[in-house]
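Each chain is listed here by its residues.
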Amino acid sequence: MKQRTIGIYRVTLAWELALTPAVVPIPGFSRPAGIRDSVAATDVILAREQMSHLTAA
């Protein structure tokens, strides 16, 4: 599996988005970088193993 270095916030949003289409995370922002990070979470594709690990945590 290819290792990636991305922030925990982006991983959390990517995980929530991958769980079900019924989940709509509404993140709050205090700086423009936060908006960019959240939008970038939509480009993160988590492998089945990663999803299993995150769901079990």
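Before any of the text, the structure's been laid out above.
What this report covers is the structure whose coordinates are included nearby. (Residues numbered from 1 in each chain as written. Predicted model: local features only at pLDDT ≥ 70, side-chain atom pairs only at ≥ 80, totals over all residues. Heavy atoms only, no water.)

**Brief notes about the packing of helix α1 (residues 8–19) against helix α2 (residues 32–40)**
Packed helices, taken two at a time, are described by their axes: the angle between them and the distance between them. Basically, it comes down to this: For helices, the fitted line uses only the C-alpha atoms of the stretch in contact; every axis is such a line through C-alpha atoms, and the angle between N-to-C directions lies from 0 to 180 degrees. Helix numbers and strand numbers start at the N terminus; a helix is a DSSP run of H or I with at least 4 residues, a strand a run of E with at least 2. Here roughly perpendicular refers to angles of 65 to 115 degrees, roughly parallel to angles under 35, roughly antiparallel to angles over 145, and oblique to all remaining angles. Handedness of each helix crossing follows the sense of rotation of the near helix against the far helix: counterclockwise by less than a right angle gives left-handed, clockwise gives right-handed. For this analysis, residues touch if any pair of their heavy atoms sits within 4.5 Å. Only Asp, Glu, Lys and Arg are considered charged in this grouping, and only Ala, Val, Leu, Ile, Met, Phe, Trp, Tyr, Cys and Pro are considered nonpolar; every other residue, Gly among them, is considered polar.
It is the contact of α1 with α2, at a shortest axis distance of 8 Å, that shows an interaxial angle of 40°. Judged by the inter-axis angle, α1 sits oblique to α2. In the crossing of α1 with α2, the sense of the turn from one axis to the other is right-handed. Contact with α1, carried on its side by Tyr9, Arg10 and Leu13, involves Asp37, Ser38 and Ala40 of α2 and no other residues of that element. Split into classes, the residues belonging to the contact of α1 with α2 amount to three nonpolar, one polar and two charged.

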